[in-house]
Amino acid sequence: MALKTILLGLALTTALVAPPAMAAQLTVGFSQIGSESGWRAAETTVSKSEASKRTVNLKIADAQQKQENQIKAIRSFVAQGVDAIFLAPVVSTGWEAVLKEAKEAKIPVILLDRDIDPSGKDLYLTAVTSDSVHEGEVAGDWLAKTVGDKQCNVVELQGTVGASVATNRKKGFDTAIAKHANIKIVRSQTGDFTRAKGKEVMESFIKAEGGGKTICAVYAHNDDMMVGAIQAMKEAGLKPGKDILTVSIDAVPDIFKAIMAGEANATVELTPNMAGPALDALIAYKDKGTEPPKWIQTESKLYTAADNPQGAYDSKKGLGY
Ligand code: GZL
């Protein structure tokens, strides 16, 4: 009798302290866009650590920002028979055929940080993204509050042409400033989310706008293009953050450095941790058949010099930016 009681007690105790449900060794193929920005590099680093926390075998394929490389990677993951595919789609169209192949192979697909056209909704399990229209609205609202009734000519550095986040961040910003007749976008061009291109396009804007004297603000769809634009403004003898206001998106460490130096004004935070929520949704789906919502939204937060930029900078160290 006593032995039975002890064994029962042991079994109960073990059940109470068992670790959270861990994935049996799942293998996930991740078609990553590339390493075009600090944020993207951080997303890759964080994805690896989130996968190892959950004993998931994550295979990452870097597409160097080319859709054809992403399509090839997805086909290879299907051929390998992975348990699931994560996709950060560089653009929002052209995925129908390859995602149909994944669906036919009964391999669930989860989108990270960018979306595909709504017509493809039945081709993926869930999408883990921010509300990128809202990010643009937050940026536009900040600028409107900051300039008041003053006439403000804005130059815009757009993200990758055809990327859902670029389309949406433009839409949100346009909506926010439409309520303010004194704020106008006078030049807008893609900088492809990179520092180098952001600098190059800003140099052309400065030339076209009388040496930059008529520019009141720069809106960049990501911080990396803004860091490049800040370089261009300084080289042209302009004072970014003072004569020319700046607002961008991602909240990477270098934009906090610029804010602390008085060379940038505002950024809208985007978490690099899209893989954590995606892995949790996948494990619940595989272990218990739990259907996730079609959209798992991540938070967006505005940072200015008043929001402890040093603390924000310190919190991002070691995340691989
Ligand atoms: C946004 C993400 C964007 C980042 C850029 O969710 O897709 O891609 O804002 C990156 O830095 O290039």
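Basis of the calculations
- Residues numbered from 1 in each chain as written.
- Predicted model: local features only at pLDDT ≥ 70, side-chain atom pairs only at ≥ 80, totals over all residues.
- Heavy atoms only, no water.
- Pairing = 2+ DSSP bridges.
- Helix = DSSP H or I, 4+ residues; strand = E, 2+ residues; numbered from the N terminus.
- Axes fitted to C-alpha atoms, helices over the stretch in contact; angles between N-to-C directions.
- Left-handed = near helix turned anticlockwise from the far one by under 90°.
- Contact = heavy atoms within 4.5 Å.
- Nonpolar A, V, L, I, M, F, W, Y, C, P; charged D, E, K, R; others polar.
- Domains from an automatic or database assignment.
- Buried area = accessible area lost by both parts, 1.4 Å probe.
- Salt bridge = Lys/Arg side-chain N within 4 Å of Asp/Glu carboxyl O.
- Polar contact = N/O pair within 3.5 Å; in protein donor to acceptor, adjacent residues only side chain to side chain.

Considering the sheet that holds strand β4 (residues 109–112)
Then, in step 1: With respect to topology, 6 strands assemble into an open sheet ordered β2-β1-β3-β4-β5-β11, the strand pairing being parallel. Two strands close off the open sheet at either side, each with one partner strand: β2 (57–62) and β11 (295–298). Across the sheet, the mean angle from the axis of one strand to that of its neighbour is 15 degrees, orientation sign disregarded.
Then, in step 2: Summarising the sheet, strand β1 (residues 27–32) and β2 pair through 6 bridges and their orientation is parallel. Bridging from a neighbouring strand, T27 pairs with N57 of β2.

Thoughts on the packing of helix α2 (residues 38–53) against helix α10 (residues 275–288)
Then, in step 1: With their axes 9 Å apart at the nearest point, α2 and α10 run at an angle of 35 degrees to one another. Classified by chirality, the crossing of α10 by α2 is right-handed. Here S47, E50 and A51 of α2 lie close against α10, whose contacting residues are A275, G276 and L279.
Then, in step 2: Per-class residue counts for the contact of α2 with α10 are 3 nonpolar, 2 polar and 1 charged.

Observations concerning the domain arrangement of the protein
Then, in step 1: The domain architecture assigned to the protein consists of domain 1 (2–129 + 272–290) and domain 2 (132–270 + 304–317).
Then, in step 2: The partner domain 2 presents 14 residues to the 13 residues of domain 1 that form the contact.
Then, in step 3: Between domain 1 and domain 2 lies a buried interface of about 960 Å² when both sides are counted; carbon and sulfur atoms form 55% of it.
Then, in step 4: Linking domain 1 to domain 2 there are 0 salt bridges.
Then, in step 5: Linking domain 1 to domain 2 there are 4 residue pairs in polar contact (both at pLDDT 80 or more).
Then, in step 6: By residue class, the composition of the side of domain 1 that touches domain 2 is 5 nonpolar, 4 polar and 4 charged.

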